[in-house]
There are 2 protein chains.
Amino acid sequence: MLDYKLLEALAAVLHHQGFERAAKALGLTQSAISQRIKLLEARLGQPVLIRTPTPKATDLGRRLLNHVQQVQLLENELATSLPQLAGERQRLRIAINADSLGTWWPQAMGPFVQQHSIELDLVIEDQDVGLERMRQGEVAACLCASDQPVQGARVVSLGVMRYRALATPDFIAKHLPHGPRPEDLKTTPVIVFGPNDQLQHRYLAQLGVESPFPHHLCGSVEGFLLLALAGIGFGLMPEIQAHQELETGRLVDVVPGIHLDVPLYWHYWRHGGDLLSALASHLAKEAQHSLTPL
Amino acid sequence: MLDYKLLEALAAVLHHQGFERAAKALGLTQSAISQRIKLLEARLGQPVLIRTPTPKATDLGRRLLNHVQQVQLLENELATSLPQLAGERQRLRIAINADSLGTWWPQAMGPFVQQHSIELDLVIEDQDVGLERMRQGEVAACLCASDQPVQGARVVSLGVMRYRALATPDFIAKHLPHGPRPEDLKTTPVIVFGPNDQLQHRYLAQLGVESPFPHHLCGSVEGFLLLALAGIGFGLMPEIQAHQELETGRLVDVVPGIHLDVPLYWHYWRHGGDLLSALASHLAKEAQHSLTPL
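Under an unreviewed UniProt entry, chain A has the name LysR family transcriptional regulator ArgP and belongs to Halomonas binhaiensis. Looking at chain A in UniProt, the text filed under Sequence similarities (unreviewed entry) is "Belongs to the LysR transcriptional regulatory family."

Trainee: Help me get a handle on the interface of chain B and chain A, residues and values and all.
Mentor: Taken together, the 45 residues of chain B in the interface contact 45 residues of chain A. The junction of chain B with chain A conceals about 3700 Å² of combined surface from both sides, 57% of it contributed by carbon and sulfur atoms. Ranking the residues of chain B by area buried against chain A places Gln114, Pro195 and Leu217 of chain B at the top, with a combined share of 13%. At the surface where chain B touches chain A, the tally comes to zero salt bridges. Where chain B meets chain A, there are 14 residue pairs in polar contact (both at pLDDT 80 or more). Of all the elements in the fold, those that place two or more residues in the side of chain B that touches chain A are α1 (4–16), α2 (19–26), α6 (105–116), β4 (118–124), β8 (215–218) and α11 (221–229) of chain B. Classifying every residue of the side of chain B that touches chain A by side-chain character gives 19 nonpolar, 18 polar and eight charged. Bridging between strand β8 (residues 215–218) of chain A and β4 of chain B involves two bridges; their strand directions are parallel. Across the sheet, residue Cys218 of chain A finds its bridge partner in β4 of chain B, namely Leu122 of chain B.

Trainee: Provide a residue-level description of the relation of the copies chain B and chain A, including the pertinent values.
Mentor: Once chain B has been moved 0.0 Å along the axis and rotated by 180°, it coincides with chain A to within an RMSD of 0.1 Å. Taken together, the rotation and translation relating the two chain copies correspond to the operation of a two-fold axis. For chain B, the residue whose C-alpha comes nearest the rotation axis is Glu222 of chain B, separated from it by 3.1 Å.

Trainee: Please set out unusual backbone geometry residue by residue, giving values where relevant.
Mentor: Residue and element names in this part refer to chain A. Going from Ser211 to Pro212, the amide bond is cis rather than trans, its omega being 0°. Its identity as a non-glycine residue notwithstanding, Gln17 has a phi of 55°, on the positive side. With respect to the helices, strands and loops of the structure, Gln17 is situated in the loop between α1 (4–16) and α2 (19–26). Residue Gln17 is classed as partly exposed on the basis of its relative accessible area of 35%.

Trainee: Hey, could you go over the side chain of Ser146 of chain A for me, with residue numbers and the actual values?
Mentor: Residues and elements named next belong to chain A. Mapping Ser146 onto the fold places it in the loop between β5 (141–144) and β6 (153–167). When its relative accessible area of 11% is taken as the criterion, Ser146 is described as buried. A polar side-chain atom of Ser146 sits 3.1 Å from the main-chain amide nitrogen of Gln148. If near-sequence neighbours (up to four positions away) are discounted, Ser146 is found in contact with Gln127, Leu131, Tyr265 and His267.

Trainee: Go over α1 of chain A with me, naming the residues and quoting the values.
Mentor: All names here are of chain A. Helix length check: α1 (13 residues) gives 18 Å between terminal C-alpha atoms against 18 Å at 1.5 Å per residue, within 8%. For α1, the buried fraction is high: 10 of the 13 residues fall into the buried class. Every buried residue of α1 is listed here: Leu6, Leu7, Ala9, Leu10, Ala11, Ala12, Val13, Leu14, His15 and His16. Downstream of α1 by a residue or two, Gln17 has a phi angle that is positive, lying close to 55°.

Trainee: So what's going on with the UniProt feature "domain: HTH lysR-type" (unreviewed entry) in chain A? Which residues, and what values?
Mentor: Here, UniProt's "domain: HTH lysR-type" (unreviewed entry) annotation points to residues 2–58 of chain A. In residues 2–58 of chain A, the share of helix is 63% and the share of strand is 7%. The end C-alpha atoms are 18 Å apart.

Trainee: Could you give me a rundown of the packing of helix α6 (residues 105–116) of chain A against helix α13 (residues 274–286) of chain A, with the residues and numbers involved?
Mentor: In a pair of packed helices, the angle between the axes and the distance between the axes together describe the arrangement. Residue and element names in this part refer to chain A. The contact between α6 and α13 brings their axes to 10 Å, and the two run at 145°. Seen along the crossing, α6 lies across α13 with a hand that is right-handed. Residue-level contacts link Trp105, Ala108, Met109, Pro111, Phe112 and His116 of α6 to Leu275, Ala278, Leu279, His282, Leu283 and Glu286 of α13. Classifying every residue of the contact of α6 with α13 by side-chain character gives nine nonpolar, two polar and one charged.

About the thresholds
For every chain, the first residue of its written sequence is number 1, and the numbers climb from 1 along that sequence. By the order in which they are written, chains take letters starting at A while ligands take numbers starting at 1. The model is predicted, so local features are restricted to residues of pLDDT at least 70 and side-chain atom pairs to those at 80 or more, both for listing and for counting; the totals for chains, interfaces and linings are taken over all residues. Values shown for side chains rest on all heavy atoms present in the structure; no hydrogens or waters enter the calculation. UniProt positions are given in the numbering used here, feature names are shortened, and annotations may be inferred rather than shown by experiment. A contact between two residues is defined here by any heavy atoms of the two lying within 4.5 Å. Here the quantity called buried area is the total loss of accessible area, with a 1.4 Å probe, experienced by two parts when brought into contact, counted for both. In the sections that follow, a salt bridge refers to a side-chain nitrogen of Lys or Arg positioned within 4 Å of a carboxyl oxygen of Asp or Glu. Pairs of N or O atoms within 3.5 Å make up the polar contacts considered here, provided that, within protein, one atom can donate a hydrogen while the other can accept it, and that residues adjacent in sequence are counted only when both atoms are side-chain atoms. Helix numbers and strand numbers start at the N terminus; a helix is a DSSP run of H or I with at least 4 residues, a strand a run of E with at least 2. Each residue gets one label: Ala, Val, Leu, Ile, Met, Phe, Trp, Tyr, Cys and Pro are nonpolar, Asp, Glu, Lys and Arg are charged, and the others, such as Gly, are polar. DSSP bridges decide pairing: two strands pair if at least two such bridges lie between them. A residue counts toward the fit only if its pLDDT is at least 70 in both copies, and the copies are then superposed by least squares on the C-alpha atoms of those residues. Here's how the labels work: a residue is buried when its accessible area is under 20% of the maximum for its type, exposed when over 50%, partly exposed in between, all with a 1.4 Å probe on protein chains only. Expected helix span is given by 1.5 Å per residue-to-residue step, counting one fewer step than there are residues. Note on definitions: angles span 0 to 180 degrees between N-to-C directions of axes, and those axes are lines fitted to C-alpha atoms, for helices only across the stretch in contact. When the near helix sits turned anticlockwise from the far one by under a right angle, the crossing is termed left-handed; a clockwise turn instead gives a right-handed crossing.

So this is what it looks like as structure tokens:
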């Protein structure tokens, strides 16, 4: 069998992004960690880590990490039937889109995390990058807008997140005094989450406006809403994120009645054990409280 | 003089993270952009871009980007006194810590952005990375916890952000029924923003608890608070972020009376023109409404 002491050291270095922190987490010296990694590489005849500046896995390292994480999930499962093995909490590394993490997802996860003593490693990624991380075995599950399953993984539909283009009433009065005319929208500042965020482009295309248009870039879910509240621009926000601002009228629709619906899917390793299957069922059920059925 | 058509193409490719999007933004064909970059490289005898997968600047490319951004700032200033030159909105690339962007900063920026017709490019970074980006000329300003000025930049103090360790009353009753005893804190799940976030470590060290301790990783300001609200862990949050939850009692202090104060500083290019100086004065004034004086 593989030497899991060595694989555990590899996983710790990658997880904690450093030899010193990995050593601390495992209660070992930094030199012990370093020796384990070297021994692993000597046995395999290939490097598992790229050392500078923050340690990164090589292709081989990633496959080993994927494997050791699956083994840890299975161990955790064993421990539930053999309480004498229990004690270690299970780490679950998940790629998730920023809007879900900033709105409905934590509440939905609460009871599950408490019941199963899980520790979460949340990696915030756009859908393509999230699925790529899944493919490379860096995460055990991924919440994103793509329904294309990754090889070796299952996918379940969670529902639809509704996005509305919102701004302050003052902002709309200033920039669009004659309603949402394309010629005025073309010069109205938009807030965009990042270079890969096409929601605003899709929304404006519906209204006859093509890129380029003036825009701010803000990769923070909360910052996005706060920039809109500060009258700096308008942008597409999850309805459930802005419900308070909509109720109080601090934010209003740029064009009432027009919105975008984004479907959300949960991807998870097929051989990740009962915990991952149970989590998928749990989320599919909980998501119904916050998302619209597909 | 340098050929600014070529530099503009370089800046656009880096800003939009791709040739196609840069072409669209400048109203050119992709092949025209590509030719401009090649011409620039031929004249300089060195590559300015690393092409795959997303274009990245070489050292030379970064210096040119830094330069062209400073020129753009100065152009903008000229345009304020020569209205016939105006029309283009000024892009301002700023590195900022996530907690400021998720709390007080957008509100403070609102009037300034509207008055000066600025477009913001916000890059969310920890302090060290933010300052490194400043050093490399990738951002014109940086909001972070370090008071060490970068060469060629000025730094002003904005005040102090107060962090409190918060959790739900249920969470505290479950994990710390006998008060914050070190032996209980050692097994209480903590929420950490990322591998470089040492706030929780500093807080726990004050209470006699050293790493490792069970922890979740969540690099989202809003997700962080929502995980705490879902009873998944406790963590250090800006007091101004959690004021509603504190008022309603949904979140309470893990140890009443103990908090951490983090000073915040604004760094900006010395030769970035009047706009950057005016922004620094504006922020120093506005920050007083949200931050405690140092």
